[in-house]
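Architecture and fold: a report
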Amino acid sequence: MRNKLSILLTLTFLLSLHVFASVDTVTTFSPSMQKEIKAVVITPADYSASKKYPVVYLLHGYSGNYSNWISKVPQLESYADQYDMIIVNPDGNFGSWYWDSPEVEDSKYETYVGKELVEFIDKEYSTVRSREGRAITGLSMGGHGALYLAFRHQETFGTAGSLSGGVDIGPFPENWEMKKYLGTKTENPERWEQYSVMYQSHRLIPNKLKLIISCGTEDFFYDVNVKLHEKLAYNNIPHTFMTGPGGHTWEYWAEAVQYQLLFFNDYFKR
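The text that follows walks through the structure, step by step, so that each part is easy to find. Keep in mind it's a predicted model, so treat the numbers as computed, not measured. (Residues numbered from 1 in each chain as written. Predicted model: local features only at pLDDT ≥ 70, side-chain atom pairs only at ≥ 80, totals over all residues. Heavy atoms only, no water.)

What about the environment of Thr-186?
- Along the polypeptide, Thr-186 turns up in the loop between α6 (178-182) and α7 (189-194).
- Thr-186 gets classed as exposed once you look at its relative accessible area, which sits at 74%.
- Spatially, the C-alpha atoms of Thr-186 and Pro-173 are 8.7 Å apart, while their sequence positions differ by 13 residues. (Helix = DSSP H or I, 4+ residues; strand = E, 2+ residues; numbered from the N terminus. Buried < 20%, exposed > 50% of the residue type's maximum accessible area, 1.4 Å probe, protein only.)

With respect to the packing of aromatic side chains
- All told, the structure shown has 18 aromatic pairs when counted by the stated rule.
- Both rings, one in Phe-172 and one in Trp-176, keep their centres 5.3 Å apart while their planes meet at 50 degrees; by these two values the pair is tilted.
- Given the relative accessible area of 22%, Trp-176 is considered partly exposed.
- An aromatic cluster is present here, built from Trp-97, Trp-99, Tyr-148, Phe-172, Trp-176, Tyr-195, Phe-220 and Phe-221 joined pairwise through their rings. (Phe/Tyr/Trp six-rings, centres within 6.5 Å; stacked < 30°, edge-to-face > 60°.)

With respect to the side chain of His-144
- If you trace the backbone, His-144 turns up in helix α5 (residues 141-152).
- One polar contact links the side chain of His-144 to the main-chain carbonyl oxygen of Tyr-195, over a distance of 3.2 Å.
- Sequence-distant contacts of His-144, defined by excluding residues within four places in its chain, comprise Trp-97, Trp-99, Ser-162, Gly-165, Gly-166, Val-167, Ile-169, Tyr-195, Ser-196 and Val-197. (Polar contact = N/O pair within 3.5 Å; in protein donor to acceptor, adjacent residues only side chain to side chain. Contact = heavy atoms within 4.5 Å.)

Quick word on helix α3 (residues 76-83)
- Within the sequence span of α3, burial applies to Leu-76, Tyr-79, Ala-80 and Tyr-83. Taken end-on, α3 shows its buried residues confined to a sector of 100 degrees, consistent with a single buried face.
- The inward-facing, buried residues of α3 contact β2 (35-43), β3 (55-59), α2 (68-72), β4 (86-90) and α9 (250-269).
- Just past α3, the residue Asp-84 takes up positive phi, approximately 55 degrees. (Arc of directions from axis to C-beta.)

What to know about α9
- With 20 residues, α9 ought to run about 28 Å at 1.5 Å a step, and its terminal C-alpha atoms sit 28 Å apart, in line with that.
- Listed in full, the buried residues belonging to α9 are Tyr-252, Trp-253, Ala-254, Ala-256, Val-257, Gln-260, Leu-261, Phe-263, Phe-264, Asn-265, Tyr-267 and Phe-268. (Expected span 1.5 Å × (residues − 1).)

Some remarks on the pairing of strand β7 (residues 210-216)
- The buried fraction of β7 is high, at 6 of 7 residues.
- Alignment of strand β6 (residues 159-163) against β7, held across 5 bridges, turns out to be parallel. Bridging across to β7, Leu-163 finds its partner in Ser-214.
- Taken together, the 5 bridges between β7 and strand β8 (residues 240-244) define a ladder with parallel strand orientation. Directly across from Ile-213, in β8, lies its bridge partner Phe-241. (Pairing = 2+ DSSP bridges.)

Here you go:
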C-alpha cells in the first residue's frame, strides 16, 4: 500500500511540473456580418508575448462548428506544444462553404476567415504577422474552404492543405445546402465554377503557395481530389498529394492532420 501511495504521489508531482497547452474559446466580431462568432484558440505551453508564433487555421466541415476539432482530436493540444504553434478553429456556420455568398446577404465567411479573423488573432496574440507564418487547412467543406481561401488570399497564407476536401462542387449540385448559398447550378453554371476550388487553380504561381492535399481512397470525394492533383501537376504547380486507405471519417482526419501539421511546421522553420 505504501509503495502504491508513493508511486501515486510521484506521478502527481511529475504531472504538476508539466505545463499543458492552453485551449480557449474566444468570441470574435465580424464587421461584414455584424455578429459575434466563436473560435477555439490553442496556444502552446510556452506561449509568451515576447515570442512570435506561426498560426494554423483549421476549419470544420459541413454541419460542424468551432468545437469539432478539439473535441474529436484532443491531441491537437500536444501538436501545438510539439511544433510551438497556435492552432485556431474558426466557426464557419452550419454550411457556409466559407464563401461570401451571392445569395445569402449575411453569409460572408470568406471575408470573416480570410481577413477579419486573421486580423483579430494577430491583434490579440503574439503571432508571425505575415504569410510566412500562416497556414490554413480543414476537413470536407473546410478542406474546400481552406484551399478556396488560400488560392484567393495568397498575400495572407503561405501554405495550405485540405483533408478529404470537396474540392470540386460541380458533381454535387443537390448536396449540403450549396444551392442555398450559390443558387441552383442549372441557373448559375458560371457561378458554380467561380466558387469551386477546381476552377480557382489558375490563380496559382509555381512555388508561391506550399500545398498538401490528403484524401482516403474510400472517400466519396476521392475522385475530385485525384482530378485536382492531376490538374495541379499538369499546370506545374508543386504540391504534396497524400492518399491511402480511409473514408470520410474522424479516424482518417485525426491521423492525416498529423502529417499536415508536420508539413506546415517544416514550412515555418525553413
